Amino acid sequence: MDDIRIPEPAAPDATVAPGSTAASAPMALLDVDPMVPRRYVVTRVRQDTRDTFTLLLDPADCEPPLDFKAGQFTMLHAFGVGEVPISISGDPSHPAPLEHTIRNVGAVTRALVEAAPGTEIGVRGPFGTSWAVDDATGHDVVFVTGGIGLAPLRPAILDVLGNRDAYGKVLLLYGSRTPDDILYGHEMHRWADLNDVNVQMTVDNAPYGYKGKVGFVTELVARAGFDPRNGFAFVCGPEVMMRSAANSLASRGVAKDKIRLSMERSMKCGVGLCGHCQLRELFVCVDGPVLPYSQLEPLMNVREL
Ligand SMILES: Cc1cc2nc3c(=O)[nH]c(=O)nc-3n(C[C@H](O)[C@H](O)[C@H](O)COP(=O)(O)OP(=O)(O)OC[C@H]3O[C@@H](n4cnc5c(N)ncnc54)[C@H](O)[C@@H]3O)c2cc1C
Ligand code: FES
């Protein structure tokens, strides 16, 4: 078994740039216990697709809204059921209400998406590294994502669009299982129409007569029109899709340290204490979830890590 490294616990609002390790981050004095959830009230639940819902939350206390960076996640606690890591899907420049887009896959996510307005839930965080989109200033920016993976990327897309002139071409390559599973469809059309984003969508399976593209999102990477030598990519989705997309981007000439991925692992504490999220020498909750492909490539090519 690999050695277990116990990093310093991260402060609840500590952020670490992708690629550095939490152990090298300065130890902050904790004025809030990161293991104690803050109470939030569900103000609205919006159904996005058949199984995916966006929860809007307001603090139940009078404290300011949670300050977060694009790519960070929280631990959401459905009282009496359990706690799960979920990325924040809202706009970092408008932190209230707090938004999370959640796919109903099991007991805790079901309890969260079925919470009626007025229900209290617990929130810990924000935790983890951010997409740090400023690093892509002056580059062509390519977002590659599939299914619910668009939710953790949405704050990064909104960051880029908030400063659109600072970037070259902006492309969003999005794949979903079927046309009915397309997330934020209206918003993607708006980004294309108003923000000069080249949005390309594809679906894995389509009913007879469907007029859009059919195929895997990774096939779009090979043909996408941008300058790979001046390209910066942000990739989020199932691991097999991220590996294939990152390989394709790198083989087109995008530097591996300019390809960032958001990793998912089973999590319990979210602050580098329990070891549940270990990926060889990394704790995904504090060293990630966003990490550069240059660091992830050797880990992603080993099965069962
Ligand atoms: C950093 C991070 C950010 C995430 N962001 C989002 C998000 O924005 N929206 C969203 O819907 N989900 C997100 N997830 C995944 C989410 O945490 C899991 O779907 C959730 O933990 C499932 O819990 P459950 O009790 O509902 O289902 P369970 O019964 O625990 O699991 C149901 C199924 O999901 C799989 N699963 C459980 N946990 C994970 C996990 N961490 N990663 C991958 N597969 C898992 C199980 O193997 C099982 O097949 C994120 C996970 C991480 C680590
Ligand atoms: S160390 Fe506990 S979830 Fe990462």
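Along every chain, residues carry numbers that run from 1 in the direction the sequence is written. Each chain takes a letter, starting from A, and each ligand takes a number, starting from 1, following the order in which they are written. Under the rules for a predicted model, residues below a pLDDT of 70 receive no local features and side-chain atom pairs below 80 are neither given nor counted, while totals for whole chains, interfaces and linings still include all residues. To get the side-chain values, take all heavy atoms of the structure and skip hydrogens and water.

**Examining the overall build of the protein chain**
Step number 1: Here a strand is any run of E in DSSP of at least two residues, a helix any run of H or I of at least four, and the numbering for each starts at the N terminus. A count of helices and strands for the protein chain gives seven helices and 15 strands.
Step number 2: Every one of the 305 residues in the protein chain was classed for burial, and the buried ones make up 50%.
Step number 3: Only the protein chains shown count as covering a residue, and every accessible area follows the Shrake-Rupley method with a 1.4 Å probe. Split by element, the accessible area of the protein chain, about 13800 Å² in all, is 51% carbon and sulfur. Categorising residues by exposure relies on relative accessible area from a 1.4 Å probe, with only protein chains included: less than 20% of the type maximum marks a residue as buried, more than 50% marks it as exposed, and the intermediate range marks it as partly exposed.

**Points about the pairing of strand β6 (residues 120-127)**
Step number 1: By the criterion of burial, β6 is predominantly enclosed, with seven of the eight residues buried.
Step number 2: Pairing between two strands is assigned when DSSP locates at least 2 bridges connecting them. Bridge count between strand β1 (residues 38-47) and β6: four bridges; the pairing is antiparallel. When the sheet's bridge partners are listed, arginine 39 is paired in β6 with glycine 122.
Step number 3: In terms of strand pairing, strand β3 (residues 73-78) meets β6 through four bridges, oriented antiparallel. Across the sheet, leucine 76 pairs through a bridge with valine 123, a residue of β6.

**A word on the environment of proline 207**
Step number 1: Relative to the elements of secondary structure, proline 207 occurs in the loop between β9 (197-203) and β10 (213-214).
Step number 2: Residue class for proline 207 comes out exposed when judged on its relative accessible area of 52%.

**As for the site of ligand 1**
Step number 1: Summary of the distance rule: residues count as near a molecule or strand when at least one heavy atom falls within 4 Å of that molecule or strand. As a structural note, the neighbourhood of ligand 1 is formed by 18 residues, with Pro85, Thr101, Arg103, Thr109 and Glu264 the closest of them.
Step number 2: Counting of polar contacts relies on pairs of N or O atoms within 3.5 Å, with two restrictions inside protein: one atom must be capable of donating a hydrogen and the other of accepting it, and residues adjacent in sequence are counted only when both atoms are side-chain atoms. Taking serine 87, its main chain carries an N or O atom lying 3.0 Å from a nitrogen atom of ligand 1.
Step number 3: The separation between an oxygen atom of ligand 1 and a polar main-chain atom of arginine 103 is 2.7 Å.
Step number 4: Considering ligand 1 on its own, with 860 Å² of exposed area, one finds that the protein chains cover 67% of that surface.
Step number 5: In terms of residue count, strand β4 (residues 82-87) provides more of the shell around ligand 1 than any other element does, four residues in total.
Step number 6: Partitioned by chemical class, the residues of the shell around ligand 1 number ten nonpolar, five polar and three charged.
Step number 7: In this entry, domain limits derive from an automatic or database-based domain assignment. Two domains each donate at least three residues to the shell around ligand 1, and these are domain 1 (22-127) and domain 2 (133-300). Residues are grouped as follows: Ala, Val, Leu, Ile, Met, Phe, Trp, Tyr, Cys and Pro are nonpolar; Asp, Glu, Lys and Arg are charged; every other residue, Gly included, is polar.

**Structural notes on the environment of arginine 280**
Step number 1: Structurally, arginine 280 is set in the loop between β13 (278-279) and β14 (282-283).
Step number 2: Overall, arginine 280 belongs to the partly exposed group, its relative accessible area being 34%.
Step number 3: For the pair formed by arginine 280 and leucine 299, sequence separation is 19 residues and the distance between their alpha carbons is 7.5 Å.
Step number 4: Here glutamate 281 takes part through its side chain, which lies 3.2 Å from a polar atom of the side chain of arginine 280.

**A word on the confidence of the model for the protein chain**
Step number 1: In the predicted model, the protein chain carries a mean pLDDT of 91, and the fraction of residues at 70 or more is 89%.
Step number 2: Values of pLDDT, the confidence the predictor places in each residue, fall between 0 and 100. By the convention used here, residues are in contact when the closest approach between their heavy atoms is within 4.5 Å. In this model residues 1-15 is a low-confidence stretch, pLDDT under 50, and it forms 35 contacts with partners more than four residues away in sequence or in other chains.
Step number 3: This stretch, residues 21-29, has a pLDDT under 50; its non-local contacts, to residues over four places away or in other chains, come to ten contacts.

**Things to note about the packing of helix α5 (residues 239-252) against helix α7 (residues 293-300)**
Step number 1: Angles here are taken between N-to-C directions and fall from 0 to 180 degrees, while the axes themselves are lines fitted to C-alpha atoms, restricted in helices to the stretch in contact. At their nearest, the axes of α5 and α7 sit 11 Å apart, and the two run at 125 degrees to each other. Regarding the angle of α5 to α7, the classification is oblique. Considering only the axes of α5 and α7, their crossing is left-handed. Facing Glu239, Met242, Arg243, Ala246, Asn247 and Ala250 of α5, the residues of α7 in contact are Tyr293, Glu297 and Met300.
Step number 2: Here the contact of α5 with α7 is composed, by residue class, of five nonpolar, one polar and three charged. Working definition: roughly parallel below 35 degrees, roughly antiparallel above 145 degrees, roughly perpendicular at 65 to 115 degrees, and oblique for all remaining angles. Note on convention: near helix rotated counterclockwise from far helix by under a right angle means a left-handed crossing. Clockwise means right-handed.

**What to know about the pattern of salt bridges**
Step number 1: By convention in these notes, a salt bridge is any Lys or Arg side-chain nitrogen within 4 Å of a carboxyl oxygen on Asp or Glu. Applying the stated criterion to the full structure yields 17 salt bridges.
Step number 2: When the shortest N-O distance is used, the salt bridge between glutamate 281 and arginine 280 registers 3.2 Å.
Step number 3: Note on glutamate 281: relative accessible area 42%, which makes it partly exposed.
Step number 4: Shared partners join several salt bridges into a network, and the residues in it are Arg50, Asp51, Arg103, Arg177 and Asp181.

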